[in-house]
Amino acid sequence: MSLWVGPREFFQTLDQKWLTDLQEFLHSALPKIVITAIVAWIMIRILNFIIGHVLKVADRHGAGAGHLAQIRTLASVIRATGIGIIGFLAALEILPLLGFKLEPLIASAGVAGVALGLAAQTIVKDCLNGILILLENQYNVGDVIRVAGVSGTVEAMSLRKTQVRDGDGTLYLVPNSQITTVANVTRDFSIATINVSVDFSADPDKVLALLKQVAMGVRNDPAYKDVFLADPNLLGVDAIRGSQIIYPVQLRTKANQQWAAMRETQRRIRIALAENNMLPGDPLRVFNPGFEERGATTEPPAGEIRPVDPTTAKPNEINPFTGEGM
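Each chain has its residues counted from 1, running along the sequence as written. Since the coordinates come from a predicted model, pLDDT governs what is reported: local features require at least 70, and pairs of side-chain atoms require 80 or more to be given and counted, while whole-chain, interface and lining totals use all residues. With hydrogens and water stripped out, all remaining heavy atoms of the structure feed into the side-chain values.

Notes on the packing of aromatic side chains
Inference 1: Two aromatic rings, drawn from Phe, Tyr or Trp (for Trp, its six-membered ring), form a pair once their centres lie within 6.5 Å of each other, and the interplanar angle then sorts them: stacked below 30 degrees, edge-to-face above 60, tilted otherwise. In this structure the tally under the stated criterion is zero aromatic pairs.
Inference 2: Sitting over a ring, as applied to charges here, requires NZ of Lys or CZ of Arg to be within 6 Å of the ring centre and within 35 degrees of the ring normal. Its end group placed over the ring of F189, R252 keeps NZ or CZ at 3.8 Å from the ring centre.

Here's the deal with the side chain of Q244
Inference 1: Segments assigned H or I by DSSP are reported as helices when at least four residues long, segments assigned E as strands when at least two residues long, and all are numbered from the N terminus. Tracing the chain through its elements places Q244 in strand β9 (residues 244–254).
Inference 2: Under the scheme applied here, a residue whose accessible area is under 20% of the maximum for its type counts as buried, over 50% as exposed, and between as partly exposed, the area being computed with a 1.4 Å probe on protein chains only. Residue classification places Q244 among the buried residues on the basis of a relative accessible area of 12%.
Inference 3: Throughout this description, a polar contact denotes any pair of N or O atoms lying within 3.5 Å of each other; where both atoms belong to protein, one of them has to be capable of donating a hydrogen while the other can accept it, and for residues adjacent in sequence the pair is counted only when both atoms sit in side chains. A distance of 2.8 Å separates the side chain of Q244 from the side chain of S197, its partner in a polar contact.
Inference 4: Whether two residues touch is decided by their heavy atoms; if any such pair falls within 4.5 Å, the residues are in contact. Among residues more than four places away in sequence, those in contact with Q244 are S197, V198, A239, G281, D282 and P283.

Looking at the confidence of the model for the protein
Inference 1: Residues at a pLDDT of 70 or more form 74% of the protein, whose mean pLDDT is 78.
Inference 2: Contacts for the low-pLDDT stretch residues 291–326, under 50 throughout, to residues beyond four places or in other chains number 34 contacts. One confidence number per residue, pLDDT, is output by the predictor and ranges from 0 to 100.

What to know about the side chain of D166
Inference 1: In this structure, D166 sits in the loop between β3 (161–165) and β4 (171–175).
Inference 2: In this tally, Asp and Glu contribute negative charge and Lys and Arg positive charge; neither His nor the terminal groups of the chain are included. Salt-bridge detection follows one rule: a side-chain nitrogen of Lys or Arg within 4 Å of a carboxyl oxygen of Asp or Glu. For the buried D166, no salt bridge is present, and the opposite-charge side chain at shortest range is R165, 6.9 Å distant.
Inference 3: Within the structure, the side chain of D166 is placed 2.9 Å from the backbone nitrogen of T170, a separation counted as a polar contact.
Inference 4: Within polar-contact distance, the side chain of D166 engages the side chain of Y172 at 3.3 Å.
Inference 5: Residues within four places of D166 in sequence aside, it is in contact with S151, G152 and Y172.

Observations regarding a nonpolar patch on the surface
Inference 1: Together, L19, L22, L26, L30, V34, I38, W41, I42, I46, F49, I50 and V54 make up an exposed nonpolar region whose accessible area comes to about 1100 Å².
Inference 2: As for its position among the elements, L26 is in helix α1 (residues 7–60). Note that patches include only residues with greater than 30% relative accessible area and no salt bridge, and the join distances are 9 Å for like charges and 5 Å for nonpolar side chains (Val, Leu, Ile, Met, Phe, Trp, Tyr). Calculation of accessible area relied on Shrake-Rupley with a 1.4 Å probe; when residues are assessed, cover is drawn exclusively from the protein chains displayed.

Regarding the pattern of salt bridges
Opposite charge on two side chains lets them pair, provided their charged atoms get close.
Inference 1: The final tally for this structure, using the stated rule, is seven salt bridges.
Inference 2: The closest approach of N and O atoms between E264 and R268, which form a salt bridge, is 2.7 Å. With E264 and R268 both in helix α7 (residues 259–275) and four residues apart, the pair spans about one turn of that helix.
Inference 3: For E264, a relative accessible area of 12% corresponds to the buried category.
Inference 4: Taken together, the shared-partner salt bridges connect D221, E264, R267 and R268 into one network.

Structure below.
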């Protein structure tokens, strides 16, 4: 018997082995792979159907905005986690059919687990903090929050990260382990404070009455009455700076819905002050009630400094900036 195998016989033998392996793969492995993929796809569809049905039922039964946002947040996390688990189990079934040996991987899982545990401490912290955020209902998808130095609307969240989009469209991906303090501005109610600056010459009682009238006008306006949770609150005179008097006006509205009512109130206050001949406050203006009574038109009020032109100043005139004669 000859031990020499020519190139032709070698390739024929190789072709026969490949054909045999292909037949074996098509006969046994491929059907299992197809069935596993179909089962995984069906399970993912069932998971999506159940989550979608739960959201529809919650919406149909008129769940509150906060409760509905919490359900949507939990649904997104459950969907992502469920798809990951289904994909992992499907991979464990398919990889051995493709010739991959999982025994060495499983045997080295202990050592690799320790190494990965040391290297992935942040990921573990992300997931643990994500679980606490969900359990404590700190915020949900759709809430406006301030976390980790950024602020915006929560677009999506998972056990590892939170996606926040701010007012100019920038999307921030914040790892949950970096979230230590949460400021949620869409819970319960919002309070908007308008600091109205009016000149010292205006009667405070008249100013307060005017501001009350304007604020209540916005409060009773059909376009804004459903936003308010209480009547506007006037705190009186808050500060005096030069000839500027500050009158705070507080608006208590539904959570994160104070902006339109706040802008409309400021617009009406501006018009009302102009109609009643009330000047806006200026911290650099000095109020001199005796100056207007004297009817002077050319002399500045007492205490007010007016620049002096050195070319037209009289010899004995005092420069108000240096205190020396000119």
